[in-house]
Amino acid sequence: MEASQFVKIFLNSLFMSVLTFLTLLSMLLIYSLMLGDVEEKTYEFGMLRALGLQHKTLMGYLLLQALSFSIPGLLCGLYVAFLLNSIGAYIIGDFAGLDVD
């Protein structure tokens, strides 16, 4: 196996490990934000239910709130990841003397 192939496989494994870690971290962050928000508003949700708000409507509100946390974060994260990947691929490719795909 050529040295360049070894470096490519090593970097691919390293980046996938970092990506997995960051994905788990972002999932934990979204869970924490939602848990904190629901705990803060438990009394308000109870009052709304007591005033006649249907369970479906409340769940729809919570789903909408979860999406408002996750979708902008996902879009910003993908954009930043694309930029950092492009810069990193150029720097590593230039350093190693490899043609980056």
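Before any of the text, the structure's been laid out above.
A quick note: this is a predicted structure, and the numbers were derived from the prediction, not measured.

**As for the environment of Ser 4**
Part 1 of the argument: Assignment of secondary structure puts Ser 4 in helix α1 (residues 3–40).
Part 2 of the argument: Given a relative accessible area of 25%, Ser 4 falls into the partly exposed group.
Part 3 of the argument: For the pair Ser 4 and Gly 97, spaced 93 residues apart in sequence, the C-alpha separation works out to 8.9 Å.

**Re the layout of surface pockets**
Part 1 of the argument: Of the pockets and cavities examined, the largest pocket occupies roughly 1300 Å³.
Part 2 of the argument: Lining the largest pocket are 36 residues, with Phe 15, Leu 19, Ala 81, Phe 82 and Asn 85 sitting closest to its centre.
Part 3 of the argument: Contributions of two or more residues to the lining of the largest pocket are made by α1 and α3 (55–96).
Part 4 of the argument: Ranked by the residues each element gives to the lining of the largest pocket, the list is headed by α1, at 17 residues.
Part 5 of the argument: Class assignment of the residues belonging to the lining of the largest pocket gives a composition of 22 nonpolar, 11 polar and three charged.

Rules of the game
Residues numbered from 1 in each chain as written. Predicted model: local features only at pLDDT ≥ 70, side-chain atom pairs only at ≥ 80, totals over all residues. Heavy atoms only, no water. Helix = DSSP H or I, 4+ residues; strand = E, 2+ residues; numbered from the N terminus. Buried < 20%, exposed > 50% of the residue type's maximum accessible area, 1.4 Å probe, protein only. 1 Å grid on protein atoms, 1.4 Å probe; cavity = no way out; pocket = protein on both sides within 12 Å on 5 of 7 lines; lining within 4 Å. Points joined across faces, edges and corners; volume = space filled by probe spheres on them. Nonpolar A, V, L, I, M, F, W, Y, C, P; charged D, E, K, R; others polar.

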